[in-house]
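# Results of the structural survey
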Amino acid sequence: MIRIGTEGIQMEGSMTVRPHHALCARFFVGKGYSEAFVQHMYATLRALNDGAVVTLTDGCDAICAGCPNNRGGICEHDEKVRAIDRRSLCETGLAFGQTLSWRDLSALMRERIVLRDALKTVCRDCEWIALCESRREAEKER
Ligand code: SF4
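Keep in mind the model is a prediction, meaning the values are calculated, not measured. (Residues numbered from 1 in each chain as written. Predicted model: local features only at pLDDT ≥ 70, side-chain atom pairs only at ≥ 80, totals over all residues.)

Take helix α3 (residues 78-92) next. When the terminal C-alpha atoms of α3 are compared, their 21 Å separation across 15 residues agrees well with the 21 Å that a helix rising 1.5 Å per residue should span. For α3, every residue scored as buried is listed here: V81, I84, D85, S88 and T92. Down the axis of α3, the sector holding all buried residues measures 100°, keeping them to one side. Count one or two residues on from α3 and you reach G93, which has phi positive near 75°. (Helix = DSSP H or I, 4+ residues; strand = E, 2+ residues; numbered from the N terminus. Expected span 1.5 Å × (residues − 1). Buried ≥ 20, exposed ≤ 12 C-beta atoms within 10 Å, placed from the backbone. Arc of directions from axis to C-beta.)

Below, the structure written as structure tokens:
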């Protein structure tokens, strides 16, 4: 569970995360659906990077909590994002309901999707794919 207050986001137990959001987080450069969403994303990433344990969900998560596309707990692009989540799980061998550290989730996404050039397949319908692909190319060269 997370609490969003004036001091930012505090964690209690594990945070829920859509699997593909570990990819969004990796390539996030301060762009998003609204300024409020961008600020929420920064705060959520700080909490996740602060040693968070996450449980993989097939519904809206800690990041969706600040998104204007979140309509009462269901994403406006539900079908598309669920398909991206399913492909993310397929590539990493993970499953909905699984709990692991954010650090391990990020490392698996990097190893099985980013470095294997699977991003353009996993995220093929996403409006942000061009930006993430360019960032992925830069990451591979590092
Ligand atoms: S677009 Fe949908 S899946 Fe992505 S953050 Fe917004 S509500 Fe969540």
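Now that the structure is up, let's keep going.
To continue, consider the sheet that holds strand β3 (residues 15-17). Ordered by their spatial adjacency, 3 strands build an open sheet running β3-β4-β7, and the pairing between neighbours is mixed. Of all strands in the sheet, those with a lone pairing partner are β3 and β7 (99-101), marking the two edges. Between one strand and the next, the sheet's axes are offset by a mean angle of 40°, whatever the strand orientation. Along the sheet, helix α4 (residues 102-114) makes contact with β4 (53-56) and β7, crossing β7 at roughly 85°. (Pairing = 2+ DSSP bridges. Axes fitted to C-alpha atoms, helices over the stretch in contact; angles between N-to-C directions. Contact = placed C-beta atoms within 7 Å.)

The next thing to look at is α4. Within α4 the residues assigned to the buried category are W102, L105, M109, I113 and V114. Axial view of α4: buried residues confined to an arc of 100°, hence all on one face.

This brings us to the environment of S34. By the element assignment, S34 lies in the loop between α1 (21-27) and α2 (35-49). Residue S34 is classed as exposed on the basis of its 12 C-beta neighbours within 10 Å.

The local shell around the ligand consists of R18, C60, I63, C64, C67, N69, N70, C75, H77 and V81. Among the residues forming the shell around the ligand, the class breakdown is 6 nonpolar, 3 polar and 1 charged. (Near = placed C-beta within 6 Å. Nonpolar A, V, L, I, M, F, W, Y, C, P; charged D, E, K, R; others polar.)

A separate point is the environment of A138. Along the chain, the position of A138 falls in helix α6 (residues 129-141). Since 10 C-beta atoms lie within 10 Å of it, A138 is described here as exposed. In this structure the C-alpha to C-alpha distance between A138 and E76, which are 62 residues apart in sequence, comes to 31 Å.

To continue, consider unusual backbone geometry. The phi torsion at D117 lies on the positive side, around 60°, for a residue other than glycine. Within the secondary structure, D117 is located in the loop between α4 and α5 (119-122).

Nonpolar side chains in soluble globular proteins tend to be buried together. L23, V54 and L119 are the most contacted members of the largest nonpolar core, which has 26 residues in total. Taken together, the elements giving at least two residues each to this core come down to β3, α1, α2, β4, α3, α4 and α5. When residues in this core are grouped by element, the largest group, 5 residues, is from α4. In contact with L119, other than residues within four places in its own chain, are L23, I113, V114, C132, E133 and R136. (Core = buried A, V, L, I, M, F, W, Y, C linked by C-beta atoms within 7 Å.)

Without other data, these values stay purely geometric and don't point to any function.
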